[in-house]
Amino acid sequence: MGYFLLIIGVIGWHVGMYGMFKKAGIAPWKALVPFYNTWCIVEATKTKKYWFWLQFIPIAGQFITIWLTIIFVMHFKKVSVPDHAATVFLPFLYFPYLGFSPQVKWHGPEALKHYHKPVSREWVDAAVFAVVAATLIRSFIFEAYVIPTGSMEKTLLVNDFLFVNKMSYGARIPQTPLSFPFVHNFMPFSKTAPSYIKEVQIPYKRLPALSSIQRNDVVVFNFPAGDTIINDEDHGSLVPYYDVLRNEFNGNREALNERYPVLVHPMDKTDNYIKRCVGVPGDLLEVRSGVLYINGQPGFQSPSSQTEYLVQTDGSSLSSEFLLTELGIDIDNPRDQIRFMSGQTNIFVINMTPAEAAKVKALSNVNSVALYSDNMVGQTFPNNEALYPWTVDNFGPLRIPRKGDKVELTPATIDIYRRLITTYEHNQLDENNGKYIINGKEVTSYTVQLNYYWMMGDNRHRSQDSRFWGFVPETHIVGKASMIWFSYENGPRWKRIFSSIQ
C-alpha cells in the first residue's frame, strides 16, 4: 500500500510539472528528467545558480529542492501559506491543477514585483516553510537515503538513491528531538561532533503502520551494535566498539576507553543500515554451507544477490574481457571480487550472482563451480565459540524472539539473550554463581517484550549483518526501502532510475 501511494505521488508530481513547464515556456519533457528539471526551475525563476548545486548536499539537499519548488510555484502568483502547504504536502494533486487549469497563468519573475510583501520576505517565508515541511516529511513520511557500501550488491549498488517509506511500518516519534536539522548523528562537515543533545529523550512510540514487516522486505534500521562507537574515522560502525572490546581488550572497558575516544549514541542516532529482513519474529533460522534456511525450508534468494564461489579451471585463466563484460570485474581494479585460492593457481574465489556463476560454469576451461564456505569460527553472534562454533556460512539453528515468548535463562542461552534483556528492553541483569537476577528478582526465564528481526545483506561475504551482532529490535526499524529514484556511477545509471526494489 505504501509503495502504491508513493508511485501515485511520483506520477502526479511529474504530470503536474509537465504542465507547469509548458506554461512557463520550458520544453515540458525536461520536467521528467531528475535534477535537470530543477536546473530549469532555477533558470526560469532567475534564482542564483549555486542553489542548484546545493541540492547535492546530503540530507539538507532535500530541503533546498522543496524550497526551489516553492519558489517556482510562487512565480504562478501562488504565494499564500495554503499554496505553500499544497506544494509540500499535496503536490501530486496541486501541481496538475497548476499545470492544466486555464485559470492559472505563468507570470515569471514579474509575479512578485508588485506583491505587497518584499520579494526577500517571500523567499524567507518560503525557506522557513520548506524547513518545517522537510523536517516533518523526513521524520514521518519518507526520507532520501544513499547506499554507501556494497553489502546489498547487486540488488542495490553504491550511489543508488532510495526513498525510504516511513509510513509502511509506522513512523517513529523522534526519540532525540533536539538535534541539528537535516543531518543524522554528526554535524555537517564533521565525522566526530554529535549533531544532537541527548539529555532530552522521548520514550519509544510508533505511529500506526500501513503494514507489518514482511519476510524478505529490504529495510532501513538503526545499527543495534552502534549505540557505542569508537569515535574516530578508523572505527565508527565500520569496526564496532564491541568487536574491539572483545578481540583487543578482552572485555576491559576501562582500558579501551582510556585508549580511544568513545561516544554513546541514543538509539535513534546510531548509523542507518540497510539489509534484507530474512527472518521475522518466531522464525527458526539456519545457514548451512552458505544456504539460508527459514523454518526448515530454503530461504528467498534475490536473483541479484552475490556470494563467493570456488571456480576451478583446467589451469588456464579466465579472460579479462569475460570478467569485465559478463561479471563487471575489472582485472586491474577487482575491488576484492576475485582472488586465487590460497596455495592454488587454478582455483579462484569469485564473488558473483547465481546467474553469473552459471555463465562461468559454461566456459570450456572451467571444470567446476561450487559455493565457497567461510569456516572461520569465533566471529559471529553470540560470540561464544565454545558453545556456538558458528560461522557466517554455517550458522544456527536459532529462533528469532517474538513478543510474549518465554525464554529459559541458562549458561547455554544467556549469551543469546543478554543484550536483548539489558540494552534493548532496559532491564538490570546480574549474574551470580549461575543464577540470574533481573531488576532485583531471581529468575530462571524471561518474557520478551518486543518483536525482533534478522537482517542479512544480499552480498553475503561482504556484509556486516545479524550474523555478527544478532537481533534487530522493532524499536530500531526506520522504514521500508521502496524505490530507487536516482543512481549514478561515472554518470547516471538510467536503467535503475525509478526502479522498484526486489
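Residues numbered from 1 in each chain as written. Predicted model: local features only at pLDDT ≥ 70, side-chain atom pairs only at ≥ 80, totals over all residues. Heavy atoms only, no water.

A. Region of the structure containing the pattern of salt bridges. Taken as a whole and assessed by the stated rule, the structure comprises 18 salt bridges. A salt bridge links Arg276 to Asp458, with the nearest nitrogen and oxygen atoms 2.7 Å apart. Of this pair, Arg276 sits in strand E6 (residues 272-279) while Asp458 is found in the loop between strand E20 (452-456) and helix H13 (466-469), placing the two residues 182 residues apart along the sequence. Note on accessibility: Arg276 and Asp458 belong to one class, buried. Arg288 is the salt-bridge partner of Glu286, the closest N and O atoms lying 3.3 Å from each other. Look at Arg288 and you get partly exposed, because its relative accessible area is 36%. If you follow the salt bridges from partner to partner, you end up with Asp160, Glu489, Arg493 and Arg496 in one network. (Salt bridge = Lys/Arg side-chain N within 4 Å of Asp/Glu carboxyl O. Helix = DSSP H or I, 4+ residues; strand = E, 2+ residues; numbered from the N terminus. Buried < 20%, exposed > 50% of the residue type's maximum accessible area, 1.4 Å probe, protein only.)

B. Representation of a nonpolar patch on the surface within the structure. Taken together, the side chains of Ile8, Phe89, Leu90, Phe92, Leu93, Val128, Val132 and Leu136 define a hydrophobic patch exposed on the protein surface, amounting to about 670 Å² of accessible area. Contributions of two or more residues to the nonpolar patch are made by helix H6 (91-100) and helix H7 (119-140). Of all the elements, H7 adds the most residues to the nonpolar patch, at three residues. With respect to the element layout, Ile8 can be found in helix H1 (residues 2-23). (Patch = residues over 30% accessible without salt bridge, like charges linked within 9 Å, V, L, I, M, F, W, Y side chains within 5 Å. Areas by Shrake-Rupley, 256 points an atom, 1.4 Å probe, with all protein chains shown as cover.)

C. Structural detail: the nonpolar core. Leu409 and Trp454 are the most contacted members of the largest nonpolar core, which totals 30 residues. Ignoring any residue separated from it by four or fewer positions in sequence, one finds Leu409 in contact with Ile414, Tyr417, Ile421, Tyr436, Ile438, Val443, Thr444, Ser445 and Tyr446. Residues Leu68, Ile70, Ala133 and Ala134 belong to the second largest nonpolar core, which totals 26 residues. (Core = buried A, V, L, I, M, F, W, Y, C linked by side-chain atoms within 4.5 Å. Contact = heavy atoms within 4.5 Å.)

D. Representation of the environment of Asp415. Counting through the fold element by element, Asp415 comes out in helix H12 (residues 414-424). The spatial distance from the C-alpha of Asp415 to the C-alpha of Asn375 is 21 Å, given a sequence separation of 40 residues. When residues no more than four places from it in sequence are discounted, the contact partners of Asp415 are Phe381, Pro382 and Asn384. Within the structure, the side chain of Asp415 is placed 2.7 Å from the side chain of Arg418, a separation counted as a polar contact. (Polar contact = N/O pair within 3.5 Å; in protein donor to acceptor, adjacent residues only side chain to side chain.)

E. Main features of the packing of helix H5 (residues 81-89) against H6. Orientation of H5 relative to H6, taken along the N-to-C sense of each, is 115 degrees, at an axis distance of 6 Å. Contacts from Asp83, Ala86, Thr87, Val88 and Phe89 in H5 reach Pro91, Phe92, Tyr94 and Phe95 in H6. Along the lines of polarity and charge, the residues of the contact of H5 with H6 split into seven nonpolar, one polar and one charged. (Axes fitted to C-alpha atoms, helices over the stretch in contact; angles between N-to-C directions. Nonpolar A, V, L, I, M, F, W, Y, C, P; charged D, E, K, R; others polar.)

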